[in-house]
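Breakdown of the fold
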Amino acid sequence: MSRFLDKRLQNLEKYTPGEQPKNTGLIKLNTNESPFAPAPEIMNIINSSEAEKLRLYPDPDTKELSEAIAGFLGVKSENICTGNGSDDMLNFAFMAFCGTEKGVAFPEISYGFYQVYADLYNLNVKKIPLKDDFTIDCRDYFGLSRTIFIANPNAPTGIALSVDEIERILIENEDVVVVIDEAYVDFGAESAVKLTKKYDNLLVVQTMSKSRSLAGARLGYAVGNKELIDDLKLIKFSTNPYSINRLSSKCGVASMLDVKYFEDCCNEIIKTREFLLDNLTKRGFFTLISSANFVFTKHRDRRGSEMYDILRDNGILVRRFEKKGIEDFLRITIGSQSEMEELLRVLDKMEENNAKNS
Ligand SMILES: *Cc1c(COP(=O)(O)O)cnc(C)c1O
């Protein structure tokens, strides 16, 4: 830290992204990426003529991309703001709608970035505990008079709220913005996008990083009524209007247009998730019911840190959180079927070694 850093930022605790290991021999199940390639058309459109065009600025309005997203979602392109990953959209929403007096509310166990943004903007935070079964009780969010952020499905639990429950939260908070972060919605939860036509206080944020295999392209977007979206664009055009590069924009369009490939990939992940969940249960793990591309699971008697180390020593990287109440859980990304089989093989080997040694 230099002696010039603003006092306000000196104690900021930055977000710790999941490890991106140099050792590519590892089976990487720690950051919820897709095991599948992005839409096939993407391989054709990133060619030398597109590379040549990189000397030109991209379209700051991302017209083609916004129209493709809007077409897929059944909204108008004026209802879409695009950004450099959905983290960009969440950042803009924290900047735009929270203010120091109003403050924010989000679940105590949720996406770690919410706390970082709240600290970055010095916001007053109310963290709402989950119920004992790790679910969110929508009634805990009624009448809070704070901007609300909810990941649905929640992370790292994978548990989803229904759209009816989200609608109740909206009705009970008509004077504040409710942001629903749908990073994992395509893996079996119901999207709240349709409610954006009815409620002017709803902002839905989605990403192409997980279900569209484009984490490296950095593409996210917010959906909401035109006034809310214009507020986000105000911030976008006051910071970096060119945040989406030409190549990523092309990739995003191609992904949105290939609906079948997208659905096939999601269905495959869901099928593999159910396979993994069944097999973890058979092996005595306690696993939450997931609507995401990961499971949140706990060994019946081994510590989370021990499980993490055993898996890592056997070439499998997962994620765990040093946080009270969930420290013994592992968050395991749903990879390919063969990666899941390898994971189960490692777990079986662990139990065999255990039986031998006791
Ligand atoms: C992965 C994730 C994001 C961020 O996604 P990007 O679009 O890659 O920035 C946002 N919210 C949640 C809950 C996530 O898990």
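Everything discussed here concerns the structure shown above.
Right, let's walk through the structure included here. (Residues numbered from 1 in each chain as written. Predicted model: local features only at pLDDT ≥ 70, side-chain atom pairs only at ≥ 80, totals over all residues. Heavy atoms only, no water.)

With that settled, consider the overall build of the protein chain. On a plain count of helices and strands, the protein chain comes out with eleven helices and twelve strands. Its C-alpha atoms give the protein chain a radius of gyration of 21 Å, within 12% of the compact-globule value 21 Å for 358 residues. In terms of overall dimensions, the protein chain has C-alpha extents of about 65 × 50 × 50 Å along its principal axes. Across the 358 residues of the protein chain, 52% fall into the buried class. For the protein chain, restricting intrachain contacts to residue pairs at least 6 apart in sequence, the fraction spanning at least 24 positions comes to 72%. Accessible area for the protein chain stands at about 17,000 Å²; split by element, carbon and sulfur atoms hold 49% of it. The positive charge centre, built from 46 side chains, and the negative charge centre, built from 54, are 3 Å apart in the protein chain. (Helix = DSSP H or I, 4+ residues; strand = E, 2+ residues; numbered from the N terminus. Rg over C-alpha atoms; globule rule 2.2 N^0.38 Å. Buried < 20%, exposed > 50% of the residue type's maximum accessible area, 1.4 Å probe, protein only. Contact = heavy atoms within 4.5 Å. Areas by Shrake-Rupley, 256 points an atom, 1.4 Å probe, with all protein chains shown as cover. Lys, Arg positive; Asp, Glu negative; His and termini not counted. Charge placed at Lys NZ, Arg CZ, Asp CG, Glu CD.)

Think of an α-helix as 3.6 residues a turn; residues three or four steps apart then line up on the same face. Listed as buried for helix α10 (residues 304–313) are Gly-304, Met-307, Tyr-308, Ile-310 and Leu-311. Along the axis of α10, the buried positions cluster into a sector of 165 degrees, meaning they face one direction only. Where α10 is buried, its residues touch β11 (316–317), β12 (329–333) and α11 (337–357). Gly-315, located one to two residues past α10, shows a positive phi value of around 85 degrees. (Arc of directions from axis to C-beta.)

Before going further, it helps to examine the environment of Ser-145. On the secondary structure map, Ser-145 appears in the loop between β4 (125–128) and β5 (147–151). Between the alpha carbons of Ser-145 and Glu-172 there is a distance of 9.6 Å; along the sequence they are 27 residues apart. Filtering out sequence-adjacent residues up to four positions away, Ser-145 remains in contact with Lys-102, Asn-173 and Val-176.

Turning next to the state of the cysteines. All told, the structure shown has zero disulfides when counted by the stated rule. No disulfide involves Cys-81; its nearest neighbouring cysteine sulfur is the one of Cys-98, lying 16 Å away. (Disulfide = S-S within 2.5 Å.)

A complete count under the given rule lists 18 salt bridges for this structure. Between Glu-67 and Lys-63 there is a salt bridge; the shortest N-O distance is 3.2 Å. In this pair, Glu-67 and Lys-63 both sit in helix α3 (residues 63–73), four residues apart, roughly one turn of the helix. With a shortest N-O distance of 2.7 Å, Lys-260 and Asp-264 are connected by a salt bridge. (Salt bridge = Lys/Arg side-chain N within 4 Å of Asp/Glu carboxyl O.)

Right, let's get into the site of the ligand. Near the ligand the following residues occur: Gly-85, Ser-86, Asp-87, Leu-90, Tyr-111, Asp-181, Ala-183, Tyr-184, Thr-207, Ser-209, Lys-210 and Arg-218. The side chain of Asp-87 places a nitrogen or oxygen atom 3.1 Å from an oxygen atom of the ligand. At a separation of 2.8 Å, an oxygen atom of the ligand approaches a polar side-chain atom of Arg-218. Computed on the free molecule, the ligand has an accessible area of 390 Å², of which 92% lies beneath the protein chains in the complex. The element that contributes the greatest number of residues to the shell around the ligand is helix α4 (residues 86–97), accounting for three residues. Across the shell around the ligand, the residue classes break down as four nonpolar, four polar and four charged. (Near = heavy atom within 4 Å. Polar contact = N/O pair within 3.5 Å; in protein donor to acceptor, adjacent residues only side chain to side chain. Nonpolar A, V, L, I, M, F, W, Y, C, P; charged D, E, K, R; others polar.)

Further remarks concern the packing of aromatic side chains. For any pair of aromatic rings, geometry is given as the distance between the ring centres together with the angle between the planes. Inspection of the entire model under this criterion finds 16 aromatic pairs. With a centroid separation of 4.4 Å and 10 degrees between ring planes, the pair formed by Tyr-15 and Phe-113 is classed as stacked. Of this pair, Tyr-15 sits in the segment before β1 (27–28) while Phe-113 sits in helix α5 (residues 113–120), and the two are 98 residues apart along the sequence. A relative accessible area of 21% means that Tyr-15 is categorised as partly exposed. With 5.3 Å between their ring centres and 70 degrees between their planes, Phe-134 and Phe-329 make a pair best called edge-to-face. Linking Phe-134 in the loop between β4 and β5 with Phe-329 in strand β12, this pair joins segments that are 195 residues apart in sequence. The pair formed by Phe-134 and Phe-329 is uniform in burial state, with each residue classed as buried. Ring pairs connect the aromatic residues Tyr-15, Phe-94, Phe-106, Tyr-111, Phe-113, Tyr-114, Tyr-117 and Phe-149, which therefore count as one cluster. A cation sits over an aromatic face here: Arg-212 above Phe-72, 4.7 Å from the ring centre. It is Arg-331 that lies over the ring of Phe-294; its NZ or CZ is 5.7 Å from the centre. (Phe/Tyr/Trp six-rings, centres within 6.5 Å; stacked < 30°, edge-to-face > 60°. Lys NZ or Arg CZ within 6 Å of the ring centre and 35° of its normal.)

Here Arg-302 is to be found in the loop between β10 (294–298) and α10. There is a polar contact of 2.8 Å between the side chain of Arg-302 and the side chain of Glu-306. Discounting residues that sit within four places of it in the chain, Arg-302 has contacts with Met-307, Ile-310, Met-350, Glu-351 and Asn-354.

The next thing to look at is the sheet that holds β10. The three strands are arranged β9-β10-β12 in an open sheet whose pairing can be described as antiparallel. Each having just a single partner strand, β9 (286–287) and β12 make up the two edges of the open sheet. Strands β9, β10 and β12 of the sheet are contacted by helix α9 (residues 259–282), whose axis makes an angle of about 5 degrees with β10. (Pairing = 2+ DSSP bridges. Axes fitted to C-alpha atoms, helices over the stretch in contact; angles between N-to-C directions.)

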